[in-house]
Amino acid sequence: MSDKKGRPRRSDRPESAVAAELKQKRDAFLHTFFKRGAELTDELVHENKKLRDTIAKLEEDNASLKTQLASDRAIRDALRKIEDLEREKSRLLSSMHEQEEITGKITNRFAEVESELESFANLYVASFQLHISLGLPTVMRHVKELLVQLVGAKSLAVYFVDEARRKLEPIASDGVDLASVPAVPVQDGAPGNAVAAAIERAFLTGVPHVADGDVRTEPAACIPLHIDDRNVGVVVVYALLEQKRRFLTVDRELFKLLGAHAAGAIVGAFHHTRTDGKLPTPEELRAITG
Amino acid sequence: MASTYSCLVVEDSPMMRQLLVLALSRVRNLKVTEADDGVDGLRKLAGGKFDIIITDINMPIMDGLKLVKRVRSDPTHKDVPIVIITTEGSNEDRSRALQLGANAYITKPIQAPQVIAKVKELLKIEA
């Protein structure tokens, strides 16, 4: 008897042959099993390696991303900081400009106050010196000195009106010989107006500067002298010291003071000197002041 | 406590003297003594100690140049800073005064800020 393949049936074969066949089959099975197992193991090892590599790469990527993220955050922080600093800078610049503006205003104000202070000091000294004495020579010296020392006049003459002869006569000078200073004719008209006109004419056309011979030079300044509203004389400043290039506000204030006070001081000193310093009695003063 | 300084102003014109004193009154802790001319100036110097001298050049009795010379030859005051006051046409006087030992000059008409600045500079007073 044989099986379909023509091999003798197991029961027909000897036991040893069957055992050998079974052993062969077992070996073949085991061989296949272990071979497959080894292959699977290899695959698993390979797969494991791939996974490890992937994990390593992912970890690497993750670290890189984390770094990048940190870096991005740092950049964002830095940018925010820069914006803050820029804002602070703008604020400080604006504040600085404001401060500069304030400083400029303070500096200007300081210069103004300084100038006013100097003006007041000069006016105080001028007023003080003009009225400190009733001696005519002293008053006259102080009038001239005010212009020489405080203003910087180089040459000047003081004129007083001679109403009878209708002319302005020089009564004192500095930096120029009095004898050579010409009188200025006063033309017809009311006495005060005529003197004012003569002063104006002297200023506009110039009073001859003797040192310059025949050349008629325009005076640097003409200061009309008043007693109340009456023009009674003039101070003519012919020339200024070389370093004195222009009149300042303080000079103009001094001219105003001289214009209002000098003639009164001169006339007062004249009467006082003429009466040998005799003081009026209280009765005489009361009689006049009412 | 702030230092106190003393200044001698030698000037024959009462007006200029008053103006200088008024200007110098704005310098803190500066005591000012006035003298009418060089001789009066020397008399005041002999009677006290001064940190600075301001003197006019043209004065009667003893002018500023003689005063500068006398001060510089006086062991007590030879190092005291001297400021001279000159007019514009007196370059020779100015040069002579500086040669004799004056430290600085101011030209007339004087201006208070100029006087104050010069005095502060020579006395090393901070502005």
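What you see as residue numbers is a count from 1 along each chain, following the sequence as written. Labels follow written order: the first chain is A, the first ligand is 1, and so on. Per-residue local features are limited, in this predicted model, to residues with pLDDT of at least 70; the limit for side-chain atom pairs, both in listing and counting, is 80 or more; totals at the level of whole chains, interfaces and linings are taken over all residues.

Q: Mind showing me how you'd approach the sheet that holds strand β2 (residues 30-35) of chain B here?
A: The strands making up a sheet are joined through hydrogen bonds of the backbone, oriented either antiparallel or parallel. All names here are of chain B. By this definition, two strands are paired if DSSP reports at least two bridges between them. Strands here are runs of E lasting at least two residues and helices are runs of H or I lasting at least four, both read from the DSSP assignment and numbered beginning at the N terminus. The strand order β2-β1-β3-β4-β5 describes an open sheet built from 5 strands, whose pairing is parallel. What marks the edges here is a single partner per strand, and that holds for β2 and β5 (104-107). Strand-to-strand, the axes of this sheet are offset by a mean angle of 20°, without reference to chain direction. Where strand β3 (residues 52-56) lies against strand β4 (residues 82-86), 4 bridges are found, and the strand directions are parallel. Fitted lines through C-alpha atoms serve as axes, helices being fitted only where they are in contact, and the angles separating the N-to-C directions of these axes extend from 0 to 180 degrees.

Q: How do you make sense of the environment of A:Glu253 when you look at a structure like this?
A: Residue and element names in this part refer to chain A. With respect to the helices and strands, Glu-253 occurs in helix α4 (residues 249-274). Judged by the 16 C-beta atoms lying within 10 Å of it, Glu-253 falls in the partly exposed class. A C-alpha to C-alpha distance of 12 Å links Glu-253 and Leu-147, two positions 106 residues apart in sequence. A pair of residues counts as a contact when their C-beta atoms, built from backbone coordinates, are separated by no more than 7 Å. Not counting residues up to four positions away in its chain, the partners in contact with Glu-253 are Ser-119 and Leu-123. Around each residue's C-beta, the other C-beta atoms within 10 Å are counted; 20 or more make the residue buried, 12 or fewer make it exposed, and counts in between make it partly exposed. All C-beta atoms are placed from the backbone.

Q: Looking at this structure, I do not really get the confidence of the model for chain B. What am I missing?
A: Low-confidence regions, as indicated by low pLDDT, have predicted coordinates that should not be scrutinised in detail. All names here are of chain B. Looking at chain B, the pLDDT average stands at 89 and 95% of residues meet or exceed 70. Of all helices and strands in chain B, the one with the weakest mean pLDDT is helix α4 (residues 91-100) (82), whereas strand β1 (residues 5-10) scores best (96). Reported confidence for the predicted complex is 0.84 by ipTM and 0.71 by pTM. On a scale of 0 to 100, pLDDT captures the predictor's confidence in every residue.

Q: In this structure, what is going on with the confidence of the model for chain A? I would like to understand it.
A: Per-residue confidence for chain A gives a mean pLDDT of 85; residues scoring 70 or more make up 86%. Here residues 207-216 of chain A scores under 50 on pLDDT; set against residues more than four positions off or in separate chains, the count is 16 contacts.

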